[in-house]
Amino acid sequence: MGDIGRKGPHIIDVTVGDNIRRRRRSLGISQEALAAAVNVTFQQIQKYERGANRVSASRLYEISRVLACDAGDLMPRGEWRTMRVSQDWLRDAQALHGRHPRLFTQLTKWPEDRLRLLLVTLQALHPQDV
């Protein structure tokens, strides 16, 4: 899957940004304080957290030092990275189609990166159900 024709932020950039935001908030650090510590504007931190701008490896390292974690802790986690499809995918898809045919039809029109974002979000909200 390439970037050609893709609109909006990439799933990995959104996930990294969300992880930065969660960690920053859990430590009670403002966007302004984080920005000052890594020598960028707070607007840049906002863009990182939304996934609108990609975080370079060196900047991710600097941010992780301020947030007292490993840079890898800010990266995406989960099965979706390898996209290994379970044996039950067809059964699950058929069940979804049977219960919610209009939703199923709409989801089949979505680009792959948008579906991945949906799955990551659902997994974060309800890890026991996904």
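Refer to the preceding data block for the structure.
Asks: How should I be thinking about the overall build of the chain in this particular structure?
Replies: Helix and strand content of the chain: seven helices and zero strands. Along the chain, from the amino end to the carboxyl end, the secondary structure elements read α-α-α-α-α-α-α. By the burial criterion, 27% of the 130 residues in the chain qualify as buried. Residue pairs in contact within the chain that sit at least 24 positions apart in sequence constitute 61% of those at least 6 positions apart. By element, 53% of the accessible surface of the chain is carried by carbon and sulfur atoms, the whole surface being about 9000 Å².

Asks: Is there a simple way to explain the packing of helix 2 (residues 31-38) against helix 3 (residues 42-50) in this structure?
Replies: A pair of packed helices can be characterised by two numbers: the angle between their axes and the separation between those axes. In the contact formed by helix 2 and helix 3, the axes pass within 8 Å of each other and the chain directions differ by 105°. Between helix 2 and helix 3, the angle falls in the class roughly perpendicular. Along its contact with helix 2, which presents Gln-31, Glu-32, Leu-34, Ala-35 and Val-38, the element helix 3 presents Phe-42, Ile-45, Gln-46 and Glu-49.

Asks: Please explain the side chain of Ser-64 as it appears in this structure.
Replies: Residue position: Ser-64 is located in helix 4 (residues 57-66). You can call Ser-64 buried: its relative accessible area is 2%. Non-local contacts of Ser-64, meaning those with residues more than four positions away in its chain, are made with Cys-69, Asp-70, Ala-71 and Leu-74.

Asks: Please explain the pattern of salt bridges as it appears in this structure.
Replies: Any two side chains of opposite charge can pair, so long as their charged atoms come close to each other. If you walk through the whole model with that rule in mind, you get six salt bridges. Where Asp-13 meets Arg-54, a salt bridge forms, and the shortest distance between an N and an O atom there is 2.7 Å. A residue pair is termed long-range when its members are at least 10 positions apart, and Asp-13 in helix 1 (residues 11-26) and Arg-54 in the loop between helix 3 and helix 4 qualify at 41 residues. Among the residues examined, Asp-13 registers a relative accessible area of 14% and is labelled buried. Among the ionic contacts, a cluster of salt bridges with common partners joins Asp-18, Arg-21, Arg-22, Arg-24 and Glu-49.

Asks: Would you mind going over unusual backbone geometry with me for this structure?
Replies: The phi dihedral of Asn-39 falls on the positive side, at around 65°, and the residue is not glycine. Looking at the element boundaries, Asn-39 is found in the loop between helix 2 and helix 3. Its relative accessible area of 68% is what places Asn-39 among the exposed residues. Residues other than glycine seldom take positive phi values, yet Ala-68 does so here, at roughly 55°. Tracing the sequence through the fold places Ala-68 in the loop between helix 4 and helix 5 (89-99). The exposure class of Ala-68 is exposed, given its relative accessible area of 58%.

Asks: Can you walk me through helix 2 in this structure?
Replies: For the α-helix, the turn length of 3.6 residues means that residues three or four positions removed from each other point alike. Inspection of helix 2 places Gln-31, Leu-34, Ala-35 and Val-38 among the buried residues, and these make up the whole buried set. Considered in projection along helix 2, the buried side chains sweep an arc of 100° and stay on one side of the axis. Directly beyond the C-terminal end of helix 2, a positive phi value near 65° is found at Asn-39.

Asks: Where do I start with the nonpolar core in this structure?
Replies: A general tendency of soluble globular proteins is for nonpolar side chains to be buried together. Formed by 15 residues in total, the largest nonpolar core has its most connected members in Ile-20, Leu-34, Ile-45, Val-55, Ile-63 and Leu-67. Those elements that place two or more of their residues in this core are helix 1, helix 2, helix 3 and helix 4. Per-element accounting of this core gives the leading share, three residues, to helix 2.

Conventions we followed
- Residues numbered from 1 in each chain as written.
- Predicted model: local features only at pLDDT ≥ 70, side-chain atom pairs only at ≥ 80, totals over all residues.
- Heavy atoms only, no water.
- Helix = DSSP H or I, 4+ residues; strand = E, 2+ residues; numbered from the N terminus.
- Buried < 20%, exposed > 50% of the residue type's maximum accessible area, 1.4 Å probe, protein only.
- Contact = heavy atoms within 4.5 Å.
- Areas by Shrake-Rupley, 256 points an atom, 1.4 Å probe, with all protein chains shown as cover.
- Axes fitted to C-alpha atoms, helices over the stretch in contact; angles between N-to-C directions.
- Parallel < 35°, antiparallel > 145°, perpendicular 65-115°, else oblique.
- Salt bridge = Lys/Arg side-chain N within 4 Å of Asp/Glu carboxyl O.
- Arc of directions from axis to C-beta.
- Core = buried A, V, L, I, M, F, W, Y, C linked by side-chain atoms within 4.5 Å.

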